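# Results of the structural survey
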Amino acid sequence: MVVDYEKLGFKAGIEIHQQLDTGKLFCNCPGVLRSDEPLFEVSRKLHLVSGESGEIDVAAKYQHLEDKTFVYQGNDTTCLVELDEEPPHKINQEALYIALQIGELLNCKIIPMAQVMRKTVINGSNTSGFQRTVMFARDGFVETSRGKVGISFILLEEDSARPVSREKDRVVYKLDRLGLPLVEVVTAPDIKDAAHAKETALKIGEILRSCKVRRGIGTIRQDINISVKGSNRVEIKGFQDPKIMELCVDNEILRQKGLLDLSKEIFKVKIGDIKEVSLAVELEWMKKAIKGGAKFVGCSVKGYEGLFGRELFSGYRLGTDLARYAKTRGFGGVIHSDEDLVGKYKFSSEDIARIKKEFGASSGDAFLMVLGDKVNAEKMFKEVLFPRMLKLNEPNSSEVRNCLPDATTEFLRPMPGSARMYPETDLEILHIHRDLINKAKKNLPELRSVVEARLKKEGLSEDMITILFKRDKFEDFKAISSVVGHPKVVGKILLLLTGEIAAKTDKDITEVEEILDVEVLTFVMEELVKGKIDEGDLKMILEKIVNGVSALEAVKVEKVDSSEIEGRIAVLIKDKPGLRPNAYMGIIMKEFDGKVQAGEVMKIIGKILG
Ligand SMILES: [Zn+2]
C-alpha cells in the first residue's frame, strides 16, 4: 500500500540502544553473559513508589496489576550491586569514554555536569525497580541522504536483567546482563517516512559500530516513536532487524489512521453485564480448556454491530486490535460476533442463539467473549477491553507497542509519563572532566565507511573487506598492518590461511587463531618485510607454529640458492627422461623438504624442458 506521509502529517523519531563492550556500569563485574547453571537464585516482589512529581507512573501502575514474583539467577560474575544490596560504585570510566566518543561522532554537545537518574521499571527486569540513566550529550545531528536528522540527546544507562522464562505469575531473570552499559541515542522527530527511518537507523548503527561496542544479536535495539496528525504518539519496540522497520511503520500509521477515522463517527456504546455461558463445543482446544476449568465469559455491546469486523487497514480489524490487548492478560484472543462463528469455532445455531440470549444482545448489538478463568476474564474486561471500547470517539492511546514478525504491532504497556524519573541519591553529580572529553575527541575511531574506502584503495577486495568485519577481524588486521604494512597479505593470513591451516592440522579455527595471535603474526610479517622469508613460505611457517614450533624457530627457513635448484633439476631430467613435469616437481620438493617453493621449481622445470 502506498502511504502519503506528508498528507497524514507523519512524525517520527528513533531511539537506538547499543551495548558497550566493557564491564558493568556501576560495579566491577565483567560484562559476560553466562550459559552455565546459576550459583544462586533470589525471589523478589516489587512495590510501587511515587516519582519525583509525587505521582505513581501510569506504566508502572499498569504493570503492577499483574502481581508477579521475580526470580533472579546469579553467579560469580555478579555481585551485590546487581542484587540491589549494595550502593552503586563510581561510573565505569571506560564506558563513559566510549559514550563520549559516540557523542562526538554524533556532533553533540557534552553535558559536563550531569545527574544520574532512576527510571522506574517494574516489569522485574531490574532488581531495584529502577534503571540508572544519565543524559551526557545533547543537540547533535546525523547526516542522511535527506538532510540532517537531529540527535535530541544521548543517555548512558544500565541494561536490564535477561529474561529466562515467563510464566503467568513468575518470571525468571539472569543477572548477567543487568548493569551492562548501554548508550541510548534519541533522535529529533525529523524522520520523513519509513525508508528514512531505516536509513537513519543504519547510519547511527554504523557510527556506533565504529566504537568499542558489543556485536551480534541482541546487542543493538531500535525503537521508533510515530504518530500521524491528530493521533497520539506510539513507541514501537522489538526491531532486531531494521529491514522489518519499514513495513511495520507503514502498518502502524495505517492502524493509527484507521482508529482516527473511526473516532470521527458517532458511537453510543453501552456494554452489557458480564455473563457466563455454557456451550456445546466441538473443537479440541476448547474441550481441553473447559476440562481445565475455563468458562466462556462475555457480554453484549450495544450499538457495536459490525464494528469488531471493521478493518483499520487491510487484513487488520478492530477485533484484531482488541484481541491483542486481551493477550497481555494471558488470553489467547477474543471471540466476537463479527467472526465466522460456525466456520472458525464450530458453534451451532443453538449455541449462537444461547450466547445472544445470555448476554442480552439483540439486533444492532455485538457481543464478545473469551474462554478462560472467569475471575481473570472479568478483571481483563473491566481493566483492559472496556476502557478501550468506550473510547472509540478518541484517537489511539499513547502506548508502547511491540513489532511482531508479520510487521504488525501489539500492545505492550501504556506510554510511561514524566512521573517515571527521579534522581539517584546514591551517586554524586557526574562531573565529566574536560581532559576525558578532549582525550575522547582526539582518539575518535574512524567510521566504517571511511575504513572500507581506504581498504579498497589498499587493494583488498570487497569480499575480503566484508568478511574482515563480519568475522570481527578488523581490530587484528589494523593492529598488524599498521606495524608492517602489506594489508593484502595480512588480510589473506587472517581470512584464508588460518582456515586452511585449521583444516590441514585438524584443529579448531579458534584454537588456530589463539596460537596465531596478533603478536605472533606481527613477528612473522616483520620477518617477511625484512626479506628473511618469502610470502610463499608463510603458510608453511604458520603451520609449523600451530604444530608447536616456536615462532623464532619457524621463521628460520633454509634458503636454497636458485642456481643450486636449477642444477639439481637439470641432473634429474637427464637421469630420468620422459617424465611429466609434475613428477619432476614432486621429486624435487621432497628432496629439498620445504626449502624451495613449488612455483619456482615449476618455472625452472618448464624452462629446461622448453
Ligand atoms: Zn556487580
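Keep in mind that this is a model prediction, so the values were computed, not measured.

The next subject is helix α21 (residues 581-592). Its 12 residues place the ends of α21 17 Å apart at the C-alpha level, agreeing with the 16 Å of an ideal helix rising 1.5 Å per residue. Those residues of α21 that sit buried are Y584, M585, I588 and F592. Viewed end-on, α21 has its buried residues packed into an arc of 100 degrees, placing them on one side of the element. Buried residues in α21 make contact with α20 (562-575) and α22 (598-609). Positive phi appears at D593, one or two residues downstream of α21, with a value of about 45 degrees.

The next subject is the coordination of the zinc ion. In this structure, C27 (SG), C29 (SG), C79 (SG), E82 (OE) and E82 (OE) serve as the protein donors to the zinc ion, at separations of 2.2 to 2.7 Å. For the zinc ion, all donor residues lie on one chain, and their spacing in sequence is C-x1-C-x49-C-x2-E. In this pair, C27 is assigned in the loop between β1 (11-19) and β2 (40-44) and E82 in the loop between β3 (69-74) and α3 (93-105), connecting sequence segments 55 residues apart. The buried category is assigned to C27, whose relative accessible area is 8%.

Following the criterion strictly, the structure yields 13 aromatic pairs and no others. With a centroid separation of 6.3 Å and 40 degrees between ring planes, the pair formed by F70 and Y173 is classed as tilted. Of the two residues, F70 sits in strand β3 while Y173 sits in strand β10 (residues 170-174), which places them 103 residues apart along the sequence. For the residue pair F70 and Y173, the accessibility class agrees, reading buried in each case. Measuring from ring centre to ring centre gives 6.3 Å for F359 and F367, while their planes differ by 65 degrees; the resulting arrangement is edge-to-face. Take F359 and F367: they sit in the same class, and that class is buried. By the ring-pair criterion, three or more aromatic residues cluster together here, those being F70, Y72 and Y173. Across from the ring centre of F141, 4.3 Å away, lies the NZ or CZ of K148, which sits over that ring. Above the face of the Y97 ring, K439 is positioned so that its terminal group lies 4.9 Å from the ring centre.

A general feature of soluble globular proteins is that nonpolar side chains tend to end up buried together. By size, the foremost hydrophobic cluster in this structure holds 64 residues, and its most contacted members are L100, I102, L106, I154, L156 and I224. Broken down by element, the residue count for this core peaks at eight residues, all from α3. Among the nonpolar cores identified, the runner-up in size contains 36 residues, and L460, V489, V490 and V555 belong to it.

Take the pattern of salt bridges next. The full count for this structure, using the stated rule, is 47 salt bridges. Here K198 ties to E246 by a salt bridge, and the two come within 3.5 Å at their closest N and O atoms. Placement of K198 in helix α4 (residues 194-209) and of E246 in helix α5 (residues 242-263) is noted, with a sequence separation of 48 residues between them. Owing to a relative accessible area of 23%, K198 belongs among the partly exposed residues under this scheme. Among the salt bridges present, the one from K287 reaches E284, with a minimum N-O distance of 3.8 Å. Of this pair, K287 and E284 are both found in helix α6 (residues 284-291), three residues apart, which corresponds to roughly one turn of the helix. Overall, K287 belongs to the partly exposed group, its relative accessible area being 39%. With a relative accessible area of 58%, E284 lands in the exposed category. Overlapping salt bridges, with partners in common, bring together E252, R255, D321, R388, E399 and R401 in one network.

Reports often express the size of an interface as the amount of accessible area lost when the parts come together. Domain annotation for the chain reports domain 1 (5-31 + 88-161 + 179-263), domain 2 (270-392), domain 3 (446-554) and domain 4 (562-609). The gap between the C-alpha centroids of domain 2 and domain 4 is 87 Å.

Our focus in this paragraph is the sheet that holds β2. Ordered in space as β2-β3-β10-β9, the four strands form an open sheet in which the pairing is mixed. Since the sheet does not close on itself, it has two edges, and those belong to β2 and β9 (162-166), each with one partner. Along the sheet, successive strands turn relative to each other by an average axial angle of 25 degrees, direction set aside. Pairing of β3 with β10, which is carried by five bridges, proceeds in the parallel orientation. Pairing of V71 across the sheet is with V172, part of β10.

With that settled, the discussion passes to the packing of α3 against helix α11 (residues 434-442). In contact at an axis separation of 9 Å, α3 and α11 are set at 60 degrees when each is read in the N-to-C sense. By the angle between their axes, α3 is oblique relative to α11. The chirality of how α3 crosses α11 is right-handed. Here Q93, L96, Y97, L100, Q101 and E104 of α3 come into contact with α11, specifically with L436, I437, K439, A440 and K441. Across the contact of α3 with α11, the residue classes break down as six nonpolar, two polar and three charged.

Another point: the environment of K595. One can find K595 in the loop between α21 and α22. Judged by its relative accessible area of 31%, K595 falls in the partly exposed class. K595 sits 35 residues away from V560 along the chain, and the two C-alpha atoms are 6.5 Å apart. Among all residues touching K595, those that are not within four sequence positions of it are E558 and V560.

Our focus in this paragraph is the pairing of β3. Of all six residues that make up β3, five are buried, and the element is covered over most of its length. Pairing geometry for β2 and β3, over five bridges, is antiparallel. Bridged to S43 within β3 is V71.

An α-helical turn contains 3.6 residues, so a residue and the one three or four places further along point in the same direction. Most pronounced at F381, the bend in helix α10 (residues 374-389) amounts to some 40 degrees. Within α10, burial applies to A377, M380, F381, V384, L385, F386, R388 and M389. Two or three places before V375, at the start of α10, stands the capping residue D373, its side-chain oxygen 3.4 Å from that residue's backbone nitrogen.

Rules of the game
Residues numbered from 1 in each chain as written. Predicted model: local features only at pLDDT ≥ 70, side-chain atom pairs only at ≥ 80, totals over all residues. Heavy atoms only, no water. Helix = DSSP H or I, 4+ residues; strand = E, 2+ residues; numbered from the N terminus. Expected span 1.5 Å × (residues − 1). Buried < 20%, exposed > 50% of the residue type's maximum accessible area, 1.4 Å probe, protein only. Arc of directions from axis to C-beta. Contact = heavy atoms within 4.5 Å. Donors = N, O, S within 2.8 Å, 3.2 Å for Na, K, Ca; no water. Phe/Tyr/Trp six-rings, centres within 6.5 Å; stacked < 30°, edge-to-face > 60°. Lys NZ or Arg CZ within 6 Å of the ring centre and 35° of its normal. Core = buried A, V, L, I, M, F, W, Y, C linked by side-chain atoms within 4.5 Å. Salt bridge = Lys/Arg side-chain N within 4 Å of Asp/Glu carboxyl O. Domains from an automatic or database assignment. Pairing = 2+ DSSP bridges. Axes fitted to C-alpha atoms, helices over the stretch in contact; angles between N-to-C directions. Parallel < 35°, antiparallel > 145°, perpendicular 65-115°, else oblique. Left-handed = near helix turned anticlockwise from the far one by under 90°. Nonpolar A, V, L, I, M, F, W, Y, C, P; charged D, E, K, R; others polar. Bend = angle between axes of the 7 residues up to and from the residue. Polar contact = N/O pair within 3.5 Å; in protein donor to acceptor, adjacent residues only side chain to side chain.

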